[in-house]
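Coordinates in review
Residues per chain, in single letters:
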Amino acid sequence: MKRTDPFGFARELVTGWDAVAIVIVIGLVVLLGEASRGLLEPLAKLNAAPVSLDPVHLPLYAARTTLRMFAALVLSLTFTFTYATLAAKSPRAGKVLVPILDILQSVPILGFISITVVFFMSLVPGRVLGAEFAAIFAIFTSQAWNMAFSFYQSLRTVPIELVEAADSFHLSAWMKFWQVEVPFALPGLIWNTMMSMSGGWFFVVASESIQVGHTSLALPGVGTYIAIAIDRRNLAAIGWAIAAMLIVILLYDQLLFRPLVAWVDQLRYEQEPSGRPPRSWALTVMQRSRLVSAVTGGFSAAVRWTSWAMPLGQPGELPLAAETRRRRDYADYAWLVAIGAVVIFGLWHIIRELIASTTLEEAETVCGLALLTMARVFVLIALASLIWVPIGVWVGLRPRVVEVVQPIAQFLAAFPANLLFPLAVYGIVVWRLNPDVWLSPLMILGTQWYILFNVIAGASVMPTELRYAAENLSVGGWLWWRRVAIPAVFPYFVTGAITASGGSWNAAIVAEVATWGRTEVRAHGLGAYIADATTAGDFHRIVLGIVTMSLFVVAINRLFWRPLYYYAERRFRLG
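Residues numbered from 1 in each chain as written. Predicted model: local features only at pLDDT ≥ 70, side-chain atom pairs only at ≥ 80, totals over all residues. Heavy atoms only, no water.

So, about the overall build of the protein chain. When its secondary structure is counted, the protein chain shows 26 helices and four strands. Split into buried and exposed, the 575 residues of the protein chain put 46% on the buried side. When contacts within the protein chain are restricted to residue pairs at least 6 apart in sequence, those whose partners lie at least 24 apart make up 80%. (Helix = DSSP H or I, 4+ residues; strand = E, 2+ residues; numbered from the N terminus. Buried < 20%, exposed > 50% of the residue type's maximum accessible area, 1.4 Å probe, protein only. Contact = heavy atoms within 4.5 Å.)

Here we take up the pattern of salt bridges. In this structure the tally under the stated criterion is eleven salt bridges. Where R68 meets E132, a salt bridge forms, and the shortest distance between an N and an O atom there is 2.6 Å. On the criterion of sequence distance, the pair formed by R68 in helix α4 (residues 58–89) and E132 in helix α7 (residues 128–141) is long-range, its members being 64 residues apart. There is no split in this pair, since R68 and E132 are both buried. In this structure, D436 and R376 form a salt bridge, with 3.2 Å as the shortest nitrogen-oxygen distance. (Salt bridge = Lys/Arg side-chain N within 4 Å of Asp/Glu carboxyl O.)

With that out of the way, let us pick up the pairing of strand β4 (residues 519–522). In terms of strand pairing, strand β3 (residues 513–516) meets β4 through four bridges, oriented antiparallel. Opposite W516, over in β4, you have T519 as the bridge partner. Taking the residues between adjacent antiparallel strands as the criterion, β3 and β4 are bridged by two residues, where G517 takes a positive phi near 70°. (Pairing = 2+ DSSP bridges.)

With that settled, consider the packing of aromatic side chains. Tallied over the full model, the rule gives 22 aromatic pairs. Arranged with centres 6.1 Å apart and planes meeting at 40°, the rings of F490 and F493 form a pair that is tilted. A residue pair is termed a helical-turn pair when its members lie 3 or 4 positions apart in one helix, as F490 and F493 do in helix α24 (residues 477–511) at three residues. The exposure class assigned to F493 is buried, which follows from its relative accessible area of 15%. An aromatic cluster is defined as three or more aromatic residues linked by ring pairs; in this entry it consists of F79, Y83, F119, F120, F137, F140 and W145. Over the aromatic face of Y529 sits the side chain of R541, whose NZ or CZ is 4.9 Å from the ring centroid. A cation over an aromatic ring shows up here: R562 above the ring of F149, its NZ or CZ 5.8 Å from the ring centre. (Phe/Tyr/Trp six-rings, centres within 6.5 Å; stacked < 30°, edge-to-face > 60°. Lys NZ or Arg CZ within 6 Å of the ring centre and 35° of its normal.)

Attention shifts here to the side chain of T534. Tracing the backbone shows T534 in helix α25 (residues 526–536). Classification of T534 by relative accessible area gives buried; the value is 2%. Engagement of the side chain of T534 in a polar contact is seen with the backbone oxygen of I530, the distance being 2.8 Å. (Polar contact = N/O pair within 3.5 Å; in protein donor to acceptor, adjacent residues only side chain to side chain.)

Right, let's get into unusual backbone geometry. For R233, which is not glycine, the phi dihedral falls at a positive 55°. One non-glycine residue with positive phi stands out, namely R432, at about 50°. Tracing the backbone through its elements, the reader meets R432 in the loop between α19 (421–430) and α20 (435–438). Given a relative accessible area of 76%, R432 falls into the exposed group.

Take α25 next. Most of α25 is tucked away, with eight of its eleven residues classed as buried. Looking only at α25, the buried set comprises L526, G527, A528, Y529, I530, A531, A533 and T534. Where α25 ends, the next residue or the one after it, G537, has phi of about 70°, a positive value.

Positionally, S440 belongs in the loop between α20 and α21 (441–444). Those residues in contact with S440 that sit more than four places away from it in its chain are R376, L380 and P435.

All right, on to the confidence of the model for the protein chain then. Atomic detail in the predicted coordinates should be set aside for any region of low pLDDT. Here the protein chain shows a mean pLDDT of 79. Residues at 70 or above account for 82%. At the low end of the mean pLDDT range in the protein chain sits helix α1 (residues 8–13), at 50; at the high end sits helix α17 (residues 360–396), at 93. (pLDDT = per-residue confidence, 0-100.)

Here we come to the packing of helix α22 (residues 448–460) against α24. Their axes nearest at 8 Å, the elements α22 and α24 cross at an angle of 160°. In terms of orientation, α22 lies roughly antiparallel with respect to α24. In this structure, α22 crosses over α24, and the sense of that crossing is right-handed. Contacts between α22 and α24 involve Y450, I451, N454, V455, A457, G458 and A459 from the first element and V489, Y492, F493, T495, G496, A497, T499 and A500 from the second. Split by residue class, the contact of α22 with α24 holds ten nonpolar, five polar and no charged. (Axes fitted to C-alpha atoms, helices over the stretch in contact; angles between N-to-C directions. Parallel < 35°, antiparallel > 145°, perpendicular 65-115°, else oblique. Left-handed = near helix turned anticlockwise from the far one by under 90°. Nonpolar A, V, L, I, M, F, W, Y, C, P; charged D, E, K, R; others polar.)

Their axes nearest at 8 Å, the elements α4 and helix α8 (residues 144–156) cross at an angle of 35°. The two elements α4 and α8 meet at a crossing, and its hand is right-handed. Between α4, through L73, S76, L77, F79, T80, F81, A84, T85, A87 and A88, and α8, the contact on the second element is made entirely by A144, W145, M147, A148, F151, Y152, L155 and R156. Along the lines of polarity and charge, the residues of the contact of α4 with α8 split into 14 nonpolar, three polar and one charged.

Here the focus is the environment of W394. Take W394: it is sitting in helix α17. In sequence terms W394 and V455 are 61 residues apart; their C-alpha atoms lie 9.6 Å from each other.

On to the environment of M195. You can see M195 is positioned in helix α10 (residues 173–202). For the pair M195 and F453, spaced 258 residues apart in sequence, the C-alpha to C-alpha distance is 9.0 Å. Ignoring sequence-local partners within four residues, the contact set of M195 consists of N146, Y450 and F453.

So this is what it looks like as structure tokens:
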């Protein structure tokens, strides 16, 4: 700084990067503030000012939808860091929490909406905020389970070298969690958070345009805009909705997820550094901004203070005294008794409310519909695997291609099936096609990308030594796929296939009944059964359909996907 420069101190205090960061932050705050207006207004105002298909209103609708998505994301992260941590850290709690999470993941989103909408509306009677709570919770159910499972698996698989290092430094449990376990789990959690956001977009229509019996809600947002455009057969409005979705996804990808991906790359636990680390212009702005650095520095100092304020841990586990072991045994017995009492109470309610009022003929009909949906899911997963596994391996081995494919696939994963209803209904009606066959691809529309994402991840971490060895031995063609590529990506493929299978069951509710204006085509299956019961407000049929779908999904996971996952982990685990 020159002595004769009177404003040199200002440039030292606030740089050009600070100006860019301030503009971005203030713009986001103003946008979200505008979107949050009207939350405490009377519910009747939604009917007085219905959603308009004029594209000039789309920016506000997109902001309202984005606000709901990020509110649900905050809830999902809170749930992940509490529920998944308790399940991973406490063997006693994990025996109950993990099966509950498995069941929650199998419950369709319409099931949550139909059961909880009245509850959330009663929290803030007669206000828009109650309907917003219901929509945010519906989006939360499409995000949280995937993130919690990812964090749980990461906490359970922390490398022994990191655990021993934490013990040698006498880190307390709190310090070990924030300085060892969370950094190890963050790369996988960020990846699954991106997928969860896409899953929320896939069900945005069901979340914002709620129809359960006599309860009808249409919140301002992209989902309601799409529902009205489909009802009025307005192709131009659907095109505007697609454009708005693309812009919003690109914005939060550039401003949030791309910086996070670039930042957590330094936290990856790998034997070799990645050849070409990801980059982000937004992360560069944040790192070079002094104001942002001051804020993050204060937060880091607070975390370090809370860590060092905790008592130091012990190097290894000390033997338990006899009295301590006896108290722990009594606690285990009390826990088992409490769980048994809850299970008996739940079974009594199931028998009284569901089984006693369900005829044998109705149960056979619902099981038959579930078998039809199950057949579609298995066929679609097999076809998607044949297509995306080779493509995923090819992309994953080329880092430059990954940077191009990732945002495109993220947008396609967020593409709601409802937007393809015009093409599906038109083709089925004009060419007199079988809806049971030609509506089925809509089930895999948003979930097939889980297979692609996971295969790309598996191929991108394939050891360089393995690829060089295959080249030196002139291994090529089908032998290379059978001995090198497929074994390397198989555990990742199974993970993606499990997620895609569960998502396809959930998407069946949206895909087995397609409408375009007053024209409706439907396929026979459990998804259509639950959708019809929800529209009619038939609580008994809703619960029966949800319970049947949950039982089928849990049984398939336990009998097929879990054994296949353990086989892949044992048979094809590198190192």
